Amino acid sequence: MAKREVVIAPPGGPSHGKGMVQGIKAGGLIFFSAIRGNDPVTNFESDDTKEQARQAFENLKVLLAAAGATLEHVVKVTLYLQDLKYRLLFHDVWMEYFPKDTPARIAIQVADANAQPGRNAHFALDVIAIDPSA
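Residues numbered from 1 in each chain as written. Predicted model: local features only at pLDDT ≥ 70, side-chain atom pairs only at ≥ 80, totals over all residues. Heavy atoms only, no water.

### Concerning helix α1 (residues 49–66)
Taking 1.5 Å of rise per residue, 18 residues should cover 26 Å, and α1 covers 26 Å from first to last C-alpha, within 8% of that figure. Every buried residue belonging to α1 is among T49, Q52, A53, A56, F57, N59, L60, L63 and L64, and all of these are buried. Along the long axis of α1, the arc covered by the buried residues comes to 160°, so they all point the same way. Two or three places before K50, at the start of α1, stands the capping residue D48, its side-chain oxygen 3.1 Å from that residue's backbone nitrogen. Remark: G68 follows α1 within two positions and exhibits a positive phi of approximately 80°. (Helix = DSSP H or I, 4+ residues; strand = E, 2+ residues; numbered from the N terminus. Expected span 1.5 Å × (residues − 1). Buried < 20%, exposed > 50% of the residue type's maximum accessible area, 1.4 Å probe, protein only. Arc of directions from axis to C-beta. Polar contact = N/O pair within 3.5 Å; in protein donor to acceptor, adjacent residues only side chain to side chain.)

Written out as structure tokens, the structure reads:
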């Protein structure tokens, strides 16, 4: 049977709700889902789209580090947008974190990018990265 390992962020890192894992290592890849721009301390998102995007990438960096990887190992990102109007603002921040050799990416508008009602997430990310330890 193929090995499957759960990725867990360190204390103070981003978290998911009960019954959801932060990431899975399997088959030489690392899979992360529902990464949002929520502050790990307050668990809330900024109203500013670019701040949300930066926080999402910082949250991703923490999760990647917990899995023994970096942004350089990211190969595919699916961006779920609450509204396509946020796409260009997100892209500006994307270029800060991936200035060259960018991963593959697609943007999709969805009805709700929030984990819980009443939240203000403008987007969520699903990420696939290479597992350098495989």
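### Points about the pairing of strand β2 (residues 23–26)
Relative to β2, strand β1 (residues 4–7) runs antiparallel, the two being bridged by four bridges. Bridge pairing links R4 to A26 in β2. Here β2 runs beside strand β3 (residues 29–35); their pairing, made up of four bridges, is antiparallel. Across the sheet, A26 pairs through a bridge with L29, a residue of β3. Counting the residues that bridge the hairpin from β2 to β3 gives two residues, and of these G27 lies at a positive phi of roughly 60°. (Pairing = 2+ DSSP bridges.)

### Here we look at the environment of M20
By secondary structure assignment, the location of M20 is in the loop between β1 and β2. What makes M20 partly exposed here is its relative accessible area of 46%. Each C-alpha atom, one on M20 and one on F90, is 25 Å from the other, the two residues being 70 residues apart in sequence.

### Digging into the pairing of β3
Inspection of the sheet shows β3 paired to strand β6 (residues 123–130) by five bridges, in the antiparallel sense. Bridge pairing in β6 places I30 opposite A129.

### So, the pattern of salt bridges
This model, assessed by the stated rule, comprises five salt bridges. Between E96 and R54 there is a salt bridge; the shortest N-O distance is 2.8 Å. Here E96, found in helix α2 (residues 87–97), pairs with R54, found in helix α1; they are 42 residues apart in sequence, far enough to count as distant. You can call E96 partly exposed: its relative accessible area is 43%. Here K61 makes a salt bridge to E58, at a shortest N to O gap of 3.6 Å. (Salt bridge = Lys/Arg side-chain N within 4 Å of Asp/Glu carboxyl O.)

As far as function goes, none of this settles anything; it's purely spatial.
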